[in-house]
Amino acid sequence: MPVLYNEKEKVFALNTKNTTYMMGIADDKYPGHLYYGKKLSAPCGEYLMRTGESPLVPSKLKREMVSFMDSFPMEYPAFGIGDFRDTCLTVRTEAGHRGCELHLDSWKITKGKPGLTGLPATFGTEEECQTLDLIMKDPVIGLKATLRYSCFEDVDAITRTVLLENESDRPLYLEKVLSTSVEMDNDRGFELITLSGSWARERNIIRRPVVRGKQGIGSVRGESSHQDHPFIALVSKGTDQDKGEAYGFHFVYSGNFMAQAEVNQFDMVRVTMGIHPEGFTWKLNPGETFTAPEVVMVYSDEGIGKMSRTYHDLYRSHLIRSPYLHKERPILINNWEATYFNFTTEKLIAIAKEAKSCGIEMLVMDDGWFGHRNSDNSSLGDWFVNEEKIQGGLKYLVDQVNAIGLKFGIWFEPEMISPDSELFRAHPDWAIQIPGREPAQCREQYVLDLTRKEVRDYAYESVAKILRSANIAYVKWDMNRQLTDIGSPGLAADCQGELYHRYVLAVYEMQERLVTEFPDLLLENCSGGGARFDPGMLYYSPQIWCSDDMDVPERLAIQEGTALCYPLSCMGAHVGASPNHTTGRVAPFETRGHVALAGTFGYELDVTKIPQEDRDMIPAQCADYHKYHGLIADGDYYRVDSYYENHYFDCWEVVAKDKSEVLVTCVEVWNRPNFKSRKICFKGLDPKAMYRLEGTDQVYPGDLLMYGGYLLPRAFGDLKSTLLHFVRE
Ligand code: DGJ
């Protein structure tokens, strides 16, 4: 049984194949964290709880309540009664008091995993997972909190969330609701890994020591953001790809978040994660329930690489629902960097024809096909076709493209409204704003108040109407600005603090509607590049645009960071033009192709204008995508070398689950003279098998490739890449 309760020890244990998460109950009412790590064979409550050690002595609770509260590793700490660290929950009563003490009331173990109303979440059958509910109550304020843990036994992952129900007859105001707290001894000298950056530099890996006090990341931008990603990992000192301990925490949410590690006076580190409390208040009326988004926790004692592969497996089997999950995606060509706003039917058809002759399978028409949008300063909200550009109309264009033999995809930004739009002139109040204050513009646009049903319905119908009007196979759903000026006439004064979260719920509702009405649609999420690349969006779309940056070295860093917790099958990656539009850097076409192959693969350039020798490489690149898609999408990812760390050389591998083949990508980013060939030690192979390097008669023992290394000649020139495919004999 993955979830166990031991009555004698008063211990709950969540066991996966290789890990154990254990909680004990102090004083019969306080669930506290005992252990998370390598699998333990027996529960050990008394021993690990350290209840004999001051100041953790429960028998002194009355007399030393505050010191108990301030040191006990509470599973779900609440503010106001003596825990002075960062807590998960702040509740204000109508009388204005903030204090909450949750006692364990009962518990329940069930097979499977219930869904979370209105929220994306991992899922599993009764055979695949079990769920533990700890039902906690504070009778003074009438709050019931269900701490929910689900255990994916085979995948080695545990999810957590909390459901808060008002059992009183007065409203309660939730001022902070985090989803998880895990408190551990910091004796391993933890380091914190975050994925941070900016536009065109998303999800770069940052590693720093965990020191006394608080350190963490977050977003109050209304989306998960370019700047910080809702993921943190704690790793013990010296942990690398292959060895050492790694604890991953990933938030299945697309809005404001915080993630933090706090080291206290006793050198305990408390990891917390959840919706950012800034600007958040939720009025919980009697009888209502608030459901917090879930956190996915993964522990690995085989380094960071194992943690990554666990996330990949979990998301592929238990989060992404799209029918495209394991399917080859049509190789697309997107006209954004080819034309920006300057295109016509004729131009798109010319691109489509040339693309078809190269083996490309879908044309995606990006921003600028609607209203009178010829730059980014107008028309968002006016989702009718600009027939001056799209002469003959959308259906005509789609039919023409289909007749050439390509599928057709289209770009939308449904959540936005331009001040210069018919929609804004008709409904100026539909933009999120605070009465009396002119809302801040960003990219000359406002955000639609999707918390209002009529606005949401308009935005949804605008998209759906277009999709019903022509044979559209793919939608790129973009979102190009952050939320500011938080105010909605649809919310009462004491509910304005709900807007951020209601906005995210509205986006989820719209995307759920979309994939339900158009089940065959391939949906790709995007947010000014990768500002909403998060597990929440993955529940609706099997792929997300990684970044607007397709420059080779920058992409290597972005894709390495992204692959820390996401399978390659969901990473939107294209071959862009050279010189690159964000960095001006020139890179060989072949290398751009190899880098994009580690994702969903496509092109974002004017194929009618690129040099002939580049164009001539496209058919072979497309063939590579088809050949390797299954391996790349469903295999095990290993990071061999990191350009981001060493500044010279990048290398990753994808190994088939049955170890029958491996695809190795090497990029010599920055060449250095006068060295011997590079010795690359592969990972994850069958050491006893023999592997043939495809296209040659060279056969190598698996153990030689893994421990002795494969000798790769140095490339001459910068940004040169090599693809090596070994197949088991
Ligand atoms: C941001 C996206 O990331 C780009 O690919 C492109 O679609 C633009 N928006 C269009 O405005």
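### Structural notes on the overall build of the protein
Within the protein, the secondary structure is distributed over 16 helices and 39 strands. Over its C-alpha trace the protein gives a radius of gyration of 26 Å, about what one expects of a compact globule, namely 27 Å for 729 residues. Principal axes of the C-alpha set define a box for the protein whose edges measure 80 × 70 × 45 Å. In the protein, once contacts between residues fewer than 6 apart in sequence are set aside, the share between residues at least 24 apart is 69%. Carbon and sulfur atoms make up 51% of the accessible area of the protein, which amounts to about 26200 Å² in all.

### Details of the sheet that holds strand E21 (residues 332-334)
The strand order across the open sheet formed by 9 strands is E29-E28-E27-E26-E23-E22-E21-E31-E30, and the pairing between neighbours is parallel. Pairing within the sheet leaves two strands with one partner each, and these edge strands are strand E29 (571-572) and strand E30 (575-576). As paired elements, strand E28 (residues 543-545) and E29 share 2 bridges and run parallel to each other. What sits directly across from Ile 544, in E29, is Met 571.

### Section: the packing of helix H5 (residues 345-358) against helix H6 (residues 393-404)
H6 packs onto H5 with a crossing angle of 15° between their chain directions and a minimal axis gap of 9 Å. When the axes of H5 and H6 are compared, the pair comes out roughly parallel. In the crossing of H5 with H6, the sense of the turn from one axis to the other is right-handed. In this structure, H5 uses Thr 345, Leu 348, Ile 349, Ala 352, Lys 353 and Lys 356 to contact H6, whose residues at the interface are Tyr 396, Leu 397, Gln 400, Val 401 and Ile 404. Classifying every residue of the contact of H5 with H6 gives 7 nonpolar, 2 polar and 2 charged.

### Examining a negative patch on the surface
On the surface, a cluster of negative charge is contributed by Glu 126, Glu 127, Glu 128 and Asp 154. Within the fold, Glu 126 resides in the loop between strand E6 (103-111) and strand E7 (129-138).

### What about helix H14 (residues 618-634)?
Compared with an ideal rise of 1.5 Å per residue, which puts 17 residues at 24 Å, H14 spans 24 Å between its outermost C-alpha atoms and is within 8% of the ideal. Maximum bend of H14: about 60°, positioned at Tyr 628. Those residues of H14 lying buried are Ile 618, Gln 621, Cys 622, Tyr 625, Tyr 628, His 629, Leu 631, Ile 632 and Ala 633.

### Regarding the site of the ligand
Not every one of the 13 residues close to the ligand is listed here, only the nearest: Asp 366, Asp 367, Lys 476, Asp 478 and Asp 548. One nitrogen or oxygen atom from the side chain of Trp 411 is found 3.1 Å from an oxygen atom belonging to the ligand. The separation between an oxygen atom of the ligand and a polar main-chain atom of Gly 529 is 2.8 Å. Contact with the protein chains hides 98% of the accessible area of the ligand, taken as 300 Å² for the molecule alone. Considering only residue class, the shell around the ligand consists of 4 nonpolar, 3 polar and 6 charged.

### Observations concerning the pairing of strand E36 (residues 690-693)
The alternating pattern of E36 places Tyr 691 and Leu 693 on a buried face, while none of Met 690 and Arg 692, on the opposite face, is buried. Relative to strand E37 (residues 699-701), E36 is paired through 3 bridges, and the arrangement is antiparallel. Paired with Tyr 691 across the two strands is Tyr 700, which belongs to E37. If you look at the hairpin formed by E36 and E37, you'll find 5 residues sitting between the two strands, and Gly 695 has a positive phi there, around 85°. Strand direction decides the pairing type here: E36 and strand E39 (residues 720-728), joined by 3 bridges, are antiparallel. Counterpart to Arg 692 in the pairing with E39 is Val 727.

### Brief notes about unusual backbone geometry
In the segment running from Ser 578 into Pro 579, the intervening peptide bond is cis, with an omega of 0°. Relative to the elements of secondary structure, Pro 579 occurs in the loop between E30 and helix H12 (589-596). The residue Asp 267 is not glycine, and still its phi comes out positive at about 60°. Positive phi values are uncommon outside glycine, yet Asp 485 reaches one of about 50°. Counting through the fold element by element, Asp 485 comes out in the loop between strand E26 (474-477) and helix H9 (499-517). Taking the relative accessible area as the measure of exposure, Asp 485 reaches 14% and is therefore buried.

### Section: the pairing of strand E16 (residues 257-263)
E16 sits mainly inside the fold: 7 of its 7 residues count as buried. Neither face of E16 is open: one carries Phe 257, Ala 259, Ala 261 and Val 263, the other Met 258, Gln 260 and Glu 262, and all of them are buried. In terms of strand pairing, strand E13 (residues 213-219) meets E16 through 7 bridges, oriented antiparallel. Paired with Lys 214 across the bridge in E16 is Glu 262.

### A few points about the sheet that holds strand E1 (residues 3-6)
Strand order in the open sheet formed by 4 strands is E1-E2-E3-E4, with antiparallel pairing between adjacent strands. Strands at the two margins of the open sheet, each flanked by one partner only, are E1 and strand E4 (30-38). Going across the sheet, the axis of each strand differs from the next one's by a mean of 20°, ignoring polarity. Pairing analysis gives 8 bridges linking strand E3 (residues 19-26) to E4, with the strands arranged antiparallel.

### Brief notes about H5
Over its 14 residues, H5 extends 20 Å from the first C-alpha to the last, a length consistent with the 20 Å expected when each residue adds 1.5 Å. Here H5 has its buried residues at Thr 345, Leu 348, Ile 349, Ile 351, Ala 352, Ala 355 and Cys 358. Where H5 is buried, its residues contact E21, helix H4 (336-339), strand E22 (362-365), H6, helix H13 (612-615) and H14.

### Concerning the pattern of salt bridges
Side chains bearing opposite charge may pair, as long as their charged atoms lie close to each other. As enumerated under the stated definition, the model contains 56 salt bridges in all. Between Asp 367 and Arg 443 there is a salt bridge, with its nearest N and O atoms 3.8 Å apart. With a gap of 76 residues between them, Asp 367 in the loop between E22 and H6 and Arg 443 in the loop between helix H7 (422-426) and strand E25 (446-447) connect regions that are remote in the sequence. By relative accessible area, which is 27% here, Arg 443 ends up partly exposed. In this structure, the salt-bridge partner of Glu 498 is Arg 502, at a minimum N-O distance of 2.7 Å. The exposure class assigned to Glu 498 is buried, which follows from its relative accessible area of 1%. The class for Arg 502 is partly exposed, based on a relative accessible area of 31%. Put simply, Asp 70, Asp 83, Arg 85, Glu 183 and Arg 270 are held in one network by salt bridges that share partners.

### Focus on the domain arrangement of the protein
The domain architecture assigned to the protein consists of domain 1 (3-318), domain 2 (332-415 + 453-482 + 521-634) and domain 3 (643-728). Computed from C-alpha coordinates alone, the two centres of domain 2 and domain 3 are separated by 31 Å. The partner domain 3 presents 22 residues to the 22 residues of domain 2 that form the contact. Contact with domain 3 buries surface across domain 2, with Leu 556, His 594 and Leu 631 losing the most and accounting together for 35% of the total. Put simply, domain 2 and domain 3 have 4 residue pairs in polar contact (both at pLDDT 80 or more) between them. At the level of elements, helix H11 (552-562), H12 and H14 are the ones that each hand at least two residues to the side of domain 2 that touches domain 3. If one sorts the elements of the side of domain 2 that touches domain 3 by residue count, H14 sits on top with 6 residues. Of the residues that constitute the side of domain 2 that touches domain 3, the class distribution is 14 nonpolar, 2 polar and 6 charged.

Calculation notes
- Residues numbered from 1 in each chain as written.
- Predicted model: local features only at pLDDT ≥ 70, side-chain atom pairs only at ≥ 80, totals over all residues.
- Heavy atoms only, no water.
- Helix = DSSP H or I, 4+ residues; strand = E, 2+ residues; numbered from the N terminus.
- Rg over C-alpha atoms; globule rule 2.2 N^0.38 Å.
- Contact = heavy atoms within 4.5 Å.
- Areas by Shrake-Rupley, 256 points an atom, 1.4 Å probe, with all protein chains shown as cover.
- Pairing = 2+ DSSP bridges.
- Axes fitted to C-alpha atoms, helices over the stretch in contact; angles between N-to-C directions.
- Parallel < 35°, antiparallel > 145°, perpendicular 65-115°, else oblique.
- Left-handed = near helix turned anticlockwise from the far one by under 90°.
- Nonpolar A, V, L, I, M, F, W, Y, C, P; charged D, E, K, R; others polar.
- Patch = residues over 30% accessible without salt bridge, like charges linked within 9 Å, V, L, I, M, F, W, Y side chains within 5 Å.
- Salt bridge = Lys/Arg side-chain N within 4 Å of Asp/Glu carboxyl O.
- Lys, Arg positive; Asp, Glu negative; His and termini not counted.
- Charge placed at Lys NZ, Arg CZ, Asp CG, Glu CD.
- Expected span 1.5 Å × (residues − 1).
- Bend = angle between axes of the 7 residues up to and from the residue.
- Buried < 20%, exposed > 50% of the residue type's maximum accessible area, 1.4 Å probe, protein only.
- Near = heavy atom within 4 Å.
- Polar contact = N/O pair within 3.5 Å; in protein donor to acceptor, adjacent residues only side chain to side chain.
- Domains from an automatic or database assignment.
- Buried area = accessible area lost by both parts, 1.4 Å probe.

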